[in-house]
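Secondary and tertiary structure notes
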Amino acid sequence: MTLAQPEGRPSIIPIRGVQHPVPQVEPLLKTELLWKVYRTGQVEVPALQGVTFEVLPGEFVAVMGPSGCGKSTLLHVIGGLAQATRGRVLVDGNDLTAMTDAERTKLRRHKVGFVFQRFNLLPALDARGNIALAQHIHGNGFDPHRFEVVTRMLGLTERLHHKPSEMSGGEQQRVAIARAIINEPKILLADEPTGSLDTKNSTLVLEMLRQLNRDLGQTIVMITHNPEAAAYGNRIVHMRDGVIVDGAPEE
Amino acid sequence: MMRELVLRNVMHRPVRTVVCLLAVAVEVSVVVLVVGLTTGLMTDTAKRIEGVGADVMLQPPSASAFIAFSSAPMPIKLREKIVQIPHVASVAPVLLQFNASGLEIVYGIEPESFRAVSGGFVFHKGHDLEQPDDMIVDDVYAATHHVRAGQTYRLFEHDFHVVGVVEHGKGARIFVPIETLQEIAAAHDKASLFFVRCNRPEETEAVMEEMKNRFRGYEVRPLKEYLSLMTATDLPGLRAFINSMIALAACVGFLVIFLCMYTTIMERTRQIGVLKSLGASDGYIAQAILSESATLCVTGGVCGIGLSVLLRALALAKWPNLTILITPEWTAGAMLIALAGGLLGAAYPTWLACRKDPVEALAFE
């Protein structure tokens, strides 16, 4: 499968200036009446019930909502980790709902970066290995220049030879962010990235996400239930009971 | 990077890795030593039987060429019938008895007839068998068991008097009078085999033909090129024995690698989810798991060869007359068996890992 390239985003090196969403620009991410229904035996549990929303290139969108409202499911579906039951998901012009498992895997490899709440670093590898692994899977080999820029920007230069067990939560999450952006993904999906961090490290990580968005133009969709974290985004989308509740602030 | 990932994963759980390596090492050394022991024993026995100097050997029906496997006595009176065959110069009956404590075959012989067939012993010390309790040992046995002429030596719960030390290569390492061995083995007037010497070597074929006619069903074997007969395929049951041991060893390797990789995949469920989220294909994940398994097998195999050499040295220290041949062919063969078993053992866990749902894997506690 050849992934669509509707508008080739230039490399983030050299670092570009601020990018503001432009209304006329084609959305980088678009969902149309997206449904995801989980089946447990005879019981059907709808996690997403017709979600329709868009994310433009360069946006930093925070998706908020209470536990169980379908935030993580939405992230999994738009990231190609799970298949939608109904509806459409377009990522950079590619319809995920029409793709096979292997095609979605390829799309993730080239266009999507993930950051998880629990960091999910490989414990056997040090920080350098965890980041380089993503480059290896991507298939372009180790790019020392890109590696240097990303690790320096995330303040990891001195921690590259430490294993996850030897790093703080904040450091681990920064490694996870470096791993997620090392291949210049079109979109970065962050699932509660500060959920396992203290206030100081949460602020640090959120600042870095904002810097990535502001300085590199990285498109970010961040799931959170924390309003302070959501405030770092330049748009907030609210979810409840599997649907987007546009503009309605959380009570 | 793949190499680094595999090596780091191997080193991440040292106990698991050591257990795996040990299992593969044992598997490889079992194959190497079983084959080495049987091959060594066969080669050594064959060389010594060739060294007797006879032209033909007669054994009871269905007897093995590998005489260590059966004493299978037959009436000693057959000698009179063999002697009547044209061109037969001399016949020496021999009774075999296995000495389990020394893993050695003992020959019960008649000194005169054995001398006539073999041309006689070359004595380093002492003289030939004269009395019922006399015993002769070869120089290898004397050196390894610290036996010397003149001493009393207990064998088969019987006190023998060592009367001579002879040059090795005449069939066995220990020789006693056949009557005494018949008494010990409760095989009166029996012999396990007859060595036959022809008047001239070129008459061997004719003598063998006549023997086959007269002793139908009996095993008549030429001693010239006897070594070539001593292969596993020519020895009934031996090939099956070796194959069984190899299969058993391969099963051990397969099961250990299977269990090891299965538990590893379970433990790394979340990591597999991470790899999938990074866009790793099924092929990439399979390559990582199979490479890890192959690394364990090859490293374990190398350890197994080292273990084989060590065990061989220990066995030879305990039983100096043993011959264990560690050949390059079977060393490579054992490695291949271990590798094949390991990859097969890793196949199911690999399949399991590839079909894991990434969302469920990422949620795995």
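Basis of the calculations
- Residues numbered from 1 in each chain as written.
- Chains lettered and ligands numbered in written order.
- Predicted model: local features only at pLDDT ≥ 70, side-chain atom pairs only at ≥ 80, totals over all residues.
- Helix = DSSP H or I, 4+ residues; strand = E, 2+ residues; numbered from the N terminus.
- Rg over C-alpha atoms; globule rule 2.2 N^0.38 Å.
- Contact = placed C-beta atoms within 7 Å.
- Buried ≥ 20, exposed ≤ 12 C-beta atoms within 10 Å, placed from the backbone.
- Core = buried A, V, L, I, M, F, W, Y, C linked by C-beta atoms within 7 Å.
- Domains from an automatic or database assignment.
- Arc of directions from axis to C-beta.
- Pairing = 2+ DSSP bridges.
- Expected span 1.5 Å × (residues − 1).
- Nonpolar A, V, L, I, M, F, W, Y, C, P; charged D, E, K, R; others polar.
- pLDDT = per-residue confidence, 0-100.
- Axes fitted to C-alpha atoms, helices over the stretch in contact; angles between N-to-C directions.
- Parallel < 35°, antiparallel > 145°, perpendicular 65-115°, else oblique.
- Left-handed = near helix turned anticlockwise from the far one by under 90°.

In this section: the overall build of chain B. Counting secondary structure elements, chain B contains 13 helices and 12 strands. In terms of C-alpha radius of gyration, chain B reaches 28 Å, well past the compact-globule figure of 21 Å for 365 residues. Here the C-alpha coordinates of chain B stretch approximately 90 × 45 × 30 Å along the principal axes. Sequence separation of at least 24 residues holds for 83% of the intrachain contacts in chain B that already meet a minimum separation of 6.

Of the regular secondary structure elements, chain A holds seven helices and 10 strands. Within chain A, the fraction of its 251 residues that count as buried is 50%. Long-range contacts, defined as pairs at least 24 residues apart, comprise 73% of the intrachain contacts of chain A with a sequence gap of at least 6.

Although it is not a glycine, E192 of chain A adopts a positive phi angle of roughly 45 degrees. Locating E192 of chain A in the fold gives a position in the loop between β7 (187-191) and α6 (199-216). On the neighbour-count criterion, E192 of chain A (20 C-beta atoms within 10 Å) is buried. At H87 of chain B, a position not held by glycine, the phi torsion is positive, near 75 degrees. You can see H87 of chain B is positioned in the loop between α3 (78-83) and β3 (88-99).

This part takes up the nonpolar core. Counting 172 residues, the largest nonpolar core has V63 and V221 of chain A together with F195 and V196 of chain B as its most contacted members. At 17 residues, helix α2 (residues 14-50) of chain B tops the list of elements feeding residues into this core. Both domain 1 (2-42 + 238-362) and domain 2 (53-222) of chain B contribute no fewer than three residues apiece to this core. Dropping the residues within four chain positions of it, V63 of chain A is found in contact with K71, L74, V221, M222, I223, V237 and M239 of chain A.

Residue and element names in this part refer to chain B. Those residues of helix α4 (residues 111-118) not exposed but buried are F114, V117 and S118. Taken down its axis, α4 places every buried residue within 85 degrees of arc, on the same side. Where α4 is buried, its residues contact β3, β4 (104-109) and β11 (193-198). Directly after α4, the chain includes G119, whose backbone phi takes a positive value near 85 degrees.

All names here are of chain B. Across the six residues that make up β4, a large majority, six, are buried. The alternating pattern of β4 places E104, V106 and G108 on one face and I105, Y107 and I109 on the opposite face, and all of these are buried. One ladder, built from six bridges, connects β3 with β4; its direction is antiparallel. Following the sheet pairing, L95 is matched in β4 by G108.

Another point: helix α9 (residues 238-267) of chain B. Every α-helix winds through 3.6 residues per turn, so residues three or four apart in the chain are directed the same way. All names here are of chain B. Taking 1.5 Å of rise per residue, the 30 residues of α9 would be expected to cover 44 Å, and the 43 Å separating its terminal C-alpha atoms lies within 8% of that figure. Every buried residue belonging to α9 is among L238, A249, A250, G253, F254, V256, I257, C260, M261, T264 and I265, and all of these are buried. Structurally, α9 contributes buried residues whose contacts are with α2, α11 (282-318) and α12 (328-354).

Our next topic: the sheet that holds β7 of chain A. Residues and elements named next belong to chain A. Reading across the sheet, the six strands line up as β6-β7-β8-β3-β9-β10 and stay open at both edges, with mixed pairing between neighbours. The open sheet has two edge strands, β6 (112-115) and β10 (243-244), and neither has a second partner. The pairing of strand β9 (residues 235-240) with β10 spans two bridges and is classified as antiparallel. If you follow R240 over to β10, its bridge partner there is V243.

Counting residues at the interface gives 22 residues for chain A, matched by 20 residues for chain B. Breaking the side of chain A that touches chain B down by element, the ones donating at least two residues are α2 (101-111) and α3 (127-138) of chain A. If you tally residues by element for the side of chain A that touches chain B, the top one is α3 of chain A, at seven residues. Class assignment for the residues of the side of chain A that touches chain B results in 13 nonpolar, six polar and three charged.

Each assigned domain of chain B is listed here: domain 1 (2-42 + 238-362) and domain 2 (53-222). Each of domain 1 of chain B and domain 2 of chain B has a C-alpha centre, and the two are 46 Å apart.

Time to look at the confidence of the model for chain A. With 88% of its residues at a pLDDT of at least 70, chain A reaches an overall mean of 84. pLDDT under 50 marks residues 5-18 of chain A. Its contacts with residues more than four places away, or in other chains, come to 16 contacts.

Two measures define how a pair of helices packs: the angle their axes make with one another and the distance between the axes. Residues and elements named next belong to chain B. One can describe the packing of α9 onto α12 by two numbers: an axis separation of 8 Å at closest approach and a directional angle of 30 degrees. Considering the angle they form, α9 stands roughly parallel to α12. As for how α9 packs across α12, the hand of that crossing is right-handed. Of the residues in α12, those touching α9 at I246, A250, G253, F254, L255, I257, F258, M261, Y262 and I265 are I337, A338, G341, G342, L344, G345, A346, Y348, P349, L352 and A353.

Here we come to the confidence of the model for chain B. Averaged over every residue, the pLDDT of chain B is 84; residues scoring 70 or more account for 93%. Both scores are given for the predicted complex: the pTM is 0.70, the ipTM 0.81.

Turning next to the sheet that holds strand β1 (residues 29-40) of chain A. Residues and elements named next belong to chain A. Across the sheet, four strands lie side by side as β2-β1-β4-β5; this open sheet has antiparallel pairing. Looking at strand neighbours, the two that pair on one side only are β2 (43-55) and β5 (94-95), the edges of this open sheet. Of the strand pairs in this sheet, β1 and β2 are connected by 10 bridges, and their pairing is antiparallel. Paired with T31 across the strands is F53, a residue of β2.

Our next topic: the environment of I85 of chain B. Residues and elements named next belong to chain B. For I85, the location among the structural elements is in the loop between α3 and β3. In sequence terms I85 and R214 are 129 residues apart; their C-alpha atoms lie 9.1 Å from each other. Here I85 is in contact with V207, E210, M211 and R214, once residues within four sequence places are set aside.

Before going further, it helps to spend a moment on the pairing of β9 of chain A. All names here are of chain A. The sheet contact formed by strand β3 (residues 60-64) and β9 spans four bridges and is parallel. Residue pairing for β9: V61 is matched across the bridge by R235. As consecutive antiparallel partners, β9 and β10 are separated by two residues, and within that stretch D241 has a phi angle of approximately 50 degrees, a positive value.

Residue and element names in this part refer to chain B. Two elements in contact, α2 and α11, have axes whose closest approach is 7 Å; the angle formed by their N-to-C orientations is 55 degrees. The angle between α2 and α11 places the two elements in the oblique class. α2 and α11 meet at a crossing whose hand is right-handed. Where α2 approaches α11, its residues T17, C20, L21, A23, V24, A25, V26, E27, V28, S29, V32 and L33 are matched on the opposing element by L296, C297, T299, G300, G301, C303, G304, I305, L307, S308, L311 and R312.

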